[in-house]
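# Understanding the architecture of this molecule
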Amino acid sequence: MSFKNKVVIVTGASSGIGAATAIAFSKEGARVTIVGRNQEKLRYVSEQCSAVGSKPLVITADVTNDEDLKKIVHGTIKHFGKLDVLVNNAGIFSIDKILSENVVDSFDKVIATNLRSAVYLTHLAAPHLIETKGNIVNVSSIVGKRVTIENCFAYHTSKAGLDHFTKCVALELAPKGVRVNSVNPGFVRTDIMQVLGVKKEAQEDFWDSMTKTSPLGKVADSEEIADLILFIASDKGRSITGSSFVSDNGAILVPHLGNIELQA
Ligand code: NAI
């Protein structure tokens, strides 16, 4: 799966799935733009990319800020001269109940991060992807396909929206030679709970519970999801568009994954 001379943007590349994806693309010869908010973490990922491939372009950006999104695309084109692959990966988890106070503020933040950013970045990147006959991989979730955990309606809704967005844009861009797909991971052990401010013990309980409930008896690691993203983005996936790929250790098959109260 060589990505030699291909230019790739990965959002949310400062940790977890995004970091693993940026490193994997670098290893396969791609020139990568890594996007995130935390400069220190980005520097660490940049070193890891450089160790296995070429030095990435580091762009510090908040994907909920339109000017920052323009900076990501314009900066990449200015630096590398083209764009072949966009990975919309940046995302946040959220615990919401419809009866909670300030629920709409939380909903707006989740939608802005997980869905609106992908829409606007796709809008900005599409003309460049048409030129290279490139492709987009959106990092969704099994929660886009099925309601799996209670008290996370904003997160579920953002990912269901992302799945539909993927299919709509795949149809629109197919005649122009651009493919658009999503990966839908189950549970992947990353910083996602930590970022939410969930206490360490509650995080461990959550991962333990997901491991026990999972049909394959494990949660995934970020590198497995990165491998899937690279396959879809590569020429091996040249006939794939408008598709979503679940990698979840069978979690989506479990009727009830548990009633988990995540105390922040
Ligand atoms: P993570 O917390 O390790 O990584 C999330 C990344 O998104 C970080 O680099 C973070 O800085 C970035 N990010 C968040 N908000 C941002 C903003 N406003 N501007 C710029 N960057 C921002 O978590 P993980 O698990 O690697 O998440 C990556 C994607 O995978 C997310 O879209 C998440 O919803 C999805 N996912 C994760 C699963 C899991 O179990 N960890 C399961 C299914 C999907």
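Each remark here, short or long, concerns the structure printed above.
Residues numbered from 1 in each chain as written. Predicted model: local features only at pLDDT ≥ 70, side-chain atom pairs only at ≥ 80, totals over all residues. Heavy atoms only, no water.

## A closer look at the nonpolar core
If you look at soluble globular proteins, the nonpolar side chains tend to sit buried side by side. Here is the rule we go by: Put simply, buried Ala, Val, Leu, Ile, Met, Phe, Trp, Tyr and Cys residues joined by side-chain atoms within 4.5 Å make one nonpolar core. Throughout this description, buried means an accessible area under 20% of the type-specific maximum (1.4 Å probe, protein chains only), exposed means over 50%, and partly exposed covers the range between. Going along the chain from the N terminus, every DSSP run of H or I of four or more residues is numbered as a helix, and every run of E of two or more is numbered as a strand. Any two residues having at least one pair of non-hydrogen atoms within 4.5 Å are treated as being in contact.
Judged by nonpolar contacts, the single largest core of 31 residues is most densely connected at Leu69, Ile72, Leu86, Leu129 and Val180. Within the residue set of this core, elements represented by two or more residues are β1 (7-11), β3 (57-60), α3 (66-80), α4 (103-132) and α5 (153-173). The leading source of residues in this core is α4, at 9 residues. With residues near it in sequence (within four places) discarded, leucine 86 still touches Ile9, Leu121, Thr122, Ala125, Leu129, Asn135, Ile136 and Val137. Formed by 30 residues, the second largest nonpolar core is a distinct cluster that contains Val8, Ile34, Cys49 and Val139.

## Concerning the site of the ligand
Here is the rule we go by: We call a residue near a given molecule or strand whenever any one of its heavy atoms falls within 4 Å of it. Counting of polar contacts relies on pairs of N or O atoms within 3.5 Å, with two restrictions inside protein: one atom must be capable of donating a hydrogen and the other of accepting it, and residues adjacent in sequence are counted only when both atoms are side-chain atoms. Reported accessibility uses the Shrake-Rupley method at a 1.4 Å probe radius. Residues are deemed covered only where the shown protein chains occlude them. Residues are grouped as follows: nonpolar covers Ala, Val, Leu, Ile, Met, Phe, Trp, Tyr, Cys and Pro; charged covers Asp, Glu, Lys and Arg; every other residue, Gly included, is treated as polar.
Within the structure, the ligand sits among 29 residues, and Ser14, Ser15, Tyr155, Gly186 and Thr190 are positioned closest to it. Between the ligand and glycine 12 there is a distance of 3.1 Å, counted from an oxygen atom to a backbone nitrogen or oxygen. Contact between the ligand and valine 63: a nitrogen atom at 2.8 Å from a main-chain N or O atom of the residue. Here the ligand, which alone exposes 820 Å², has 96% of that area covered by the protein. Mapped by element, the contributors of at least two residues to the shell around the ligand are α1 (16-27), α5 and α6 (192-195). Looking at the shell around the ligand residue by residue, the class counts come to 13 nonpolar, 12 polar and 4 charged.

## As for the sheet that holds β1
Here is the rule we go by: At least two bridges found by DSSP between two strands is the condition for calling them paired. Angles run from 0 to 180 degrees between N-to-C directions of axes, and those axes are lines fitted to C-alpha atoms, restricted for helices to the stretch in contact.
Across the sheet, which stays open at both edges, the 7 strands sit in the order β3-β2-β1-β4-β5-β6-β7 with parallel pairing between neighbours. Each edge of the open sheet carries a strand with a single partner, namely β3 and β7 (244-247). Looking at each pair of strands side by side, their axes are set apart by 15° on average, direction ignored. On top of the sheet, α3 reaches β1, β2 (31-36) and β3; it is set at about 160° to β3, its chief contact.

## Some thoughts on the packing of α1 against helix α8 (residues 222-233)
Applied cut-off: We call two directions roughly parallel when the angle between them is under 35 degrees, roughly antiparallel when it is over 145, roughly perpendicular when it lies between 65 and 115, and oblique otherwise. Two helices crossing with the near one rotated counterclockwise from the far one by less than a right angle form a left-handed crossing, whereas a clockwise rotation gives a right-handed crossing.
Contact pair α1 / α8: the axes reach a minimum separation of 8 Å and the direction vectors enclose 55°. When the axes of α1 and α8 are compared, the pair comes out oblique. As α1 packs across α8, the resulting crossing turns out to be right-handed. Packed against α1, whose contacting residues are Gly16, Ile17, Ala20, Thr21, Ala24 and Phe25, the element α8 presents Ser222, Glu223, Ile225, Ala226, Ile229, Leu230 and Ala233 at the interface.

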